[in-house]
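Spelled out, the chains give:
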Amino acid sequence: MLNEVTISRAIITRYMDKLSAALDLDVAIVGGGPSGLVAGYYLAKAGKKVALFDRKLSIGGGIWGGGMMFNEIVVQEAGNGILQELDLQGTRYEPGYYTLDSVLVTATLICKAMRAGLQIFNLIGVDDVVIKDNRVSGLVINWGAVSTLGWHIDPLTLFSRYVLDATGHDAEITTILVRKMGVNLNTETGAIVGEKSMDAETGEEDTVKNTGEVYPGLLVSGMAANAVCGGYRMGPVFGGMLLSGKRAAELMLHGLDH
Ligand code: 48F
């Protein structure tokens, strides 16, 4: 006989075990779009303790919607190489262009990353970072609904050796850091440069080039990298997002192991 209280207790106990284990991490990723998920996949695969936080109910960020809600994405030749590593297969459209169903891509990235050991927390938003000795050293987290409702409820905190800002176009974590701490970033101007208009070819290259540590302990990937460092946007071509996530993981793995 199913007991309703046992069901409730099972959920509460298991969830609190997961959250408690995530309070001290090698890497905390903010944002479950393509770059954050791919970074999480490679870090978890390398045996690092890594968790990803996204304030929304569904993980995946901007991939689900393809281009203008047509659920197909395009990956160019440079991005096609990484697809196999992620158990994905593009369909050739014209030379240099591959298409994939965006729902399949999103579901595969989530599944691969979690199977590799990435712990994902949906419905948790990140409001702030922890600073210790002039280094970003963790996250300040709260239920996603709290900020949506505009309530003041004090948050909880976790420590991590690195934080990855994978929050997309708004680069929320880096923006909060600059606003609150007035710090200089490792960018051309020392400030948040801002995303540029559409140029798919340049934007794809920028996304990977701009991926990196912009302040001690804080890296940027995906569109957050372009927003912070001043890259062009590229729309629904996604190779750069996948490669950016991999690059972010490689940089942090190097830092964690040296
Ligand atoms: O925007 P998003 O998909 O990030 P990305 O990896 O990929 C960008 C592309 O999807 C697309 C594009 C490519 O051509 O331009 O837009 O750079 O996903 C960002 C995720 O971060 C979450 C948000 O809900 C979304 O799922 N997010 C943003 N700010 C916060 C956050 C926050 N403060 N706390 C928690 N989650």
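That block above? That's the structure.
A. Representation of the site of the ligand in the model. Of all residues adjacent to the ligand, which total 27 residues, the nearest are Ser35, Asp54, Gly62, Met223 and Gly235. Here an oxygen atom of the ligand and a backbone polar atom of Pro34 are 3.4 Å apart. A distance of 2.6 Å is found between an oxygen atom of the ligand and a side-chain nitrogen or oxygen belonging to Asp54. Burial of the ligand by the surrounding chains reaches 92%, relative to a free accessible area of 730 Å². Examining the composition of the shell around the ligand, we find that 3 residues originate from one element, strand E7 (residues 124-132), more than from any other. When its residues are assigned to classes, the shell around the ligand shows 11 nonpolar, 12 polar and 4 charged.

B. View of the environment of Thr13. Tracing the backbone shows Thr13 in helix H1 (residues 4-21). At a separation of 2.7 Å, a polar atom in the side chain of Thr13 contacts the main-chain carbonyl oxygen of Arg9.

C. Geometry of the packing of aromatic side chains. In this structure the tally under the stated criterion is 4 aromatic pairs. Consider the rings of Tyr41 and Tyr42, whose centres lie 4.9 Å apart with planes at 70 degrees: the pair is edge-to-face. Exposure class is identical for Tyr41 and Tyr42. Each is buried. Pairing Phe53 with Phe121 gives two aromatic rings, centres 5.2 Å apart and planes at 10 degrees, and the pair type is stacked. You can see Phe53 sitting in strand E2 (residues 50-54) and its partner Phe121 sitting in strand E6 (residues 119-122), a full 68 residues away along the chain. The class of Phe121 is buried, set by a relative accessible area of 2%. These aromatic residues form a ring-pair network of at least three members: Tyr15, Phe53, Phe121 and Trp143. For the cation-ring pair, Arg135 lies above Tyr162, with the distance from its terminal atom to the ring centre recorded as 5.1 Å.

D. Spatial organisation of the packing of helix H2 (residues 34-45) against helix H9 (residues 239-257). At their nearest, the axes of H2 and H9 sit 7 Å apart, and the two run at 40 degrees to each other. Considering their axes alone, H2 and H9 lie oblique with respect to each other. Along this stretch, H2 crosses H9, giving a crossing that reads as right-handed. Packed against H2, whose contacting residues are Pro34, Ser35, Val38, Ala39, Tyr42 and Leu43, the element H9 presents Met241, Leu242, Ser244, Gly245, Lys246, Ala249, Met252 and Leu253 at the interface. Residue classes in the contact of H2 with H9 are distributed as 10 nonpolar, 3 polar and 1 charged.

E. Main features of the sheet that holds strand E5 (residues 97-101). The strand order across the open sheet formed by 3 strands is E3-E5-E4, and the pairing between neighbours is antiparallel. The open sheet has two edge strands with one neighbour each: strand E3 (72-76) and strand E4 (91-94). Direction aside, the axes of adjacent strands within the sheet are offset by 40 degrees on average. Bridge analysis of E4 against E5 gives 3 bridges, and the strand direction is antiparallel. Bridge assignment links Glu94 to a residue of E5, and that residue is Tyr97. Where helix H3 (residues 77-85) meets the sheet, its contacts fall on E3 and E5, and the angle it forms with E3 comes to roughly 105 degrees. The strands touched by helix H4 (residues 102-116) within the sheet are E3 and E5, with E5 carrying the most contacts at an inclination of about 75 degrees.

F. Layout of unusual backbone geometry. The backbone of Asp87 shows a phi angle near 65 degrees, a positive value even though the residue is not glycine. Locating Asp87 in the fold gives a position in the loop between H3 and E4. By relative accessible area, which is 57% here, Asp87 ends up exposed.

G. Geometry of the packing of helix H7 (residues 200-209) against helix H8 (residues 222-229). As a packed pair, H7 and H8 sit with axes 8 Å apart at the nearest point and diverge in direction by 95 degrees. Considered as vectors, H7 and H8 are oriented roughly perpendicular to each other. In this structure, H7 contributes Gly203, Asp206 and Thr207 to the contact, and H8 contributes Gly222, Ala225 and Asn226. A per-class count over the contact of H7 with H8 returns 1 nonpolar, 4 polar and 1 charged.

About the cut-offs
- Residues numbered from 1 in each chain as written.
- Predicted model: local features only at pLDDT ≥ 70, side-chain atom pairs only at ≥ 80, totals over all residues.
- Heavy atoms only, no water.
- Near = heavy atom within 4 Å.
- Polar contact = N/O pair within 3.5 Å; in protein donor to acceptor, adjacent residues only side chain to side chain.
- Areas by Shrake-Rupley, 256 points an atom, 1.4 Å probe, with all protein chains shown as cover.
- Helix = DSSP H or I, 4+ residues; strand = E, 2+ residues; numbered from the N terminus.
- Nonpolar A, V, L, I, M, F, W, Y, C, P; charged D, E, K, R; others polar.
- Phe/Tyr/Trp six-rings, centres within 6.5 Å; stacked < 30°, edge-to-face > 60°.
- Buried < 20%, exposed > 50% of the residue type's maximum accessible area, 1.4 Å probe, protein only.
- Lys NZ or Arg CZ within 6 Å of the ring centre and 35° of its normal.
- Axes fitted to C-alpha atoms, helices over the stretch in contact; angles between N-to-C directions.
- Parallel < 35°, antiparallel > 145°, perpendicular 65-115°, else oblique.
- Left-handed = near helix turned anticlockwise from the far one by under 90°.
- Contact = heavy atoms within 4.5 Å.
- Pairing = 2+ DSSP bridges.

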